[in-house]
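Chain residues, written in single-letter form:
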Amino acid sequence: MKSVNIRLTMTDHVKNFVSLVNRYPYEMDLRSGRYVVDAKSILGIFSIDLSRPIRMDIYSDDCEDLLKALEGYLVTDEPAEE
């Protein structure tokens, strides 16, 4: 499993993010506080707090292709909410 922090600040970002992650076969979750949603669910994403970075858990150790595609969403300077 790999975990990264992402930021989705605009409605278009969420739409594009969901379209992107749905191209990959990996199981993925987004965690914000005590809430966990499917990263491939646009409704789930809109139900969590998007004002802060979100932790994304990818249930694969070999997902470098996905991580490269997510470069525009990755956050490295701020911790995500646990």
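Draft legend 1. View of the nonpolar core. Judged by nonpolar contacts, the single largest core of 25 residues is most densely connected at Ile6, Leu8, Phe17, Met28, Leu30, Met56 and Leu66. Of all the secondary-structure elements, those providing two or more residues to this core are strand E1 (2-6), helix H1 (11-21), strand E2 (28-32), strand E4 (54-58) and helix H3 (64-69). A per-element tally of this core places H1 first, with five residues. When residues no more than four places from it in sequence are discounted, the contact partners of Met28 are Val21, Val37, Asp38, Ala39, Lys40, Met56, Asp57, Ile58, Tyr59 and Leu66.

Draft legend 2. Representation of the pattern of salt bridges. Scanning the model with the defined rule gives three salt bridges in all. For the salt bridge of Arg31 with Asp57, the shortest nitrogen-to-oxygen distance reads 2.4 Å. Taken together, the residues Arg31 in strand E2 and Asp57 in strand E4 connect sequence positions 26 residues apart. Asp57 sits in the buried class, given a relative accessible area of 0%. Among the ionic contacts, a cluster of salt bridges with common partners joins Arg31, Arg55 and Asp57.

Draft legend 3. Region of the structure containing H1. Along H1, the residues classified as buried are Val14, Phe17, Val18, Leu20 and Val21. Looking straight down H1, one finds that the buried residues subtend no more than 160° of arc, so they occupy a single side. Opposite its buried face, H1 presents the exposed residues Thr11, Asp12 and Lys15, each directed more than 90 degrees away. Residues of H1 that are buried sit in contact with E1, E2, helix H2 (42-46), E4 and H3.

Draft legend 4. Structural detail: the environment of Tyr24. Position of Tyr24 among the secondary structure elements: in the loop between H1 and E2. With relative accessibility at 17%, the residue Tyr24 sits in the buried group. Between the C-alpha atom of Tyr24 and that of Glu71, which follows or precedes it by 47 residues, the distance is 15 Å. In this view, Tyr24 contacts Lys40, Asp65, Leu66 and Ala69; residues no more than four positions away in its chain are not counted.

Criteria and thresholds
Residues numbered from 1 in each chain as written. Predicted model: local features only at pLDDT ≥ 70, side-chain atom pairs only at ≥ 80, totals over all residues. Heavy atoms only, no water. Core = buried A, V, L, I, M, F, W, Y, C linked by side-chain atoms within 4.5 Å. Buried < 20%, exposed > 50% of the residue type's maximum accessible area, 1.4 Å probe, protein only. Helix = DSSP H or I, 4+ residues; strand = E, 2+ residues; numbered from the N terminus. Contact = heavy atoms within 4.5 Å. Salt bridge = Lys/Arg side-chain N within 4 Å of Asp/Glu carboxyl O. Arc of directions from axis to C-beta.

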